Amino acid sequence: MIEMLNNTKDRCTLCKKCVGVCRKTVGREAISYVESGNGNASIVFDFDKCIVCGSCAYICGDNAIIIEDAGDTRIMITPSGRKEFKLKKCAKCGYYWAPEQQIKFMAEKANLPLSSFDLCPDCR
Ligand code: SF4
Ligand code: SF4
């Protein structure tokens, strides 16, 4: 069941664990800790940089980052908003196996054409 939240700001304790894992482990800079100057701060996601790997959701102990798959879509709900990502369909079995943004990232890293990822791991 998809949680119909627009954001999880109330759950976030500003511990910054997600910021660290995204930068140091995944090698992306998709999450920032932003101070507003009046003593307030917030966690801000840049969904254009996110590859929807799920590492931040795994490390967050406060359930403030939720990732769920529903059909051809991966839904991500964070303290700074909700975003839906398209999943790639396996050309053989039809299973929606990974976010297109993640596949693009892997193809660039490995210097492979996108067509190398047409099949899911089980069908390769
Ligand atoms: S989203 Fe989770 S891991 Fe990130 S700062 Fe908030 S509580 Fe910490
Ligand atoms: S899901 Fe996105 S924001 Fe979270 S660790 Fe992965 S790349 Fe970073």
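Remember, it's a predicted structure, so these values are computed and weren't measured experimentally. (Residues numbered from 1 in each chain as written. Chains lettered and ligands numbered in written order. Predicted model: local features only at pLDDT ≥ 70, side-chain atom pairs only at ≥ 80, totals over all residues. Heavy atoms only, no water.)

Asker: How do you make sense of the overall build of the protein when you look at a structure like this?
Answerer: Counting its secondary structure elements, the protein contains three helices and six strands. Counted from the first residue to the last, the protein has its helices and strands arranged as α-β-β-α-β-β-β-β-α. The principal-axis extent of the C-alpha atoms belonging to the protein is close to 55 × 35 × 20 Å. Split into buried and exposed, the 124 residues of the protein put 34% on the buried side. Look at the contacts in the protein between residues 6 or more apart in sequence, and 48% of them connect residues 24 or more apart. Positive and negative side-chain charges of the protein, numbering 18 and 15 respectively, have mean locations separated by a distance of 4 Å. (Helix = DSSP H or I, 4+ residues; strand = E, 2+ residues; numbered from the N terminus. Buried < 20%, exposed > 50% of the residue type's maximum accessible area, 1.4 Å probe, protein only. Contact = heavy atoms within 4.5 Å. Lys, Arg positive; Asp, Glu negative; His and termini not counted. Charge placed at Lys NZ, Arg CZ, Asp CG, Glu CD.)

Asker: Can you walk me through the site of ligand 2 in this structure?
Answerer: Within the structure, ligand 2 sits among 13 residues, and Cys22, Cys50, Cys53, Gly54 and Cys56 are positioned closest to it. Of all elements in the fold, only helix 1 (17–26) and helix 2 (55–59) reach the threshold of two or more residues within the shell around ligand 2. A per-class count over the shell around ligand 2 returns eleven nonpolar, two polar and no charged. (Near = heavy atom within 4 Å. Nonpolar A, V, L, I, M, F, W, Y, C, P; charged D, E, K, R; others polar.)

Asker: For this particular structure, what's the right way to read the side chain of Thr8?
Answerer: Along the chain, Thr8 falls in the segment before helix 1. We classify Thr8 as buried; its relative accessible area is 3%. Here Ala64 takes part through its backbone oxygen, which lies 2.4 Å from a polar atom of the side chain of Thr8. (Polar contact = N/O pair within 3.5 Å; in protein donor to acceptor, adjacent residues only side chain to side chain.)

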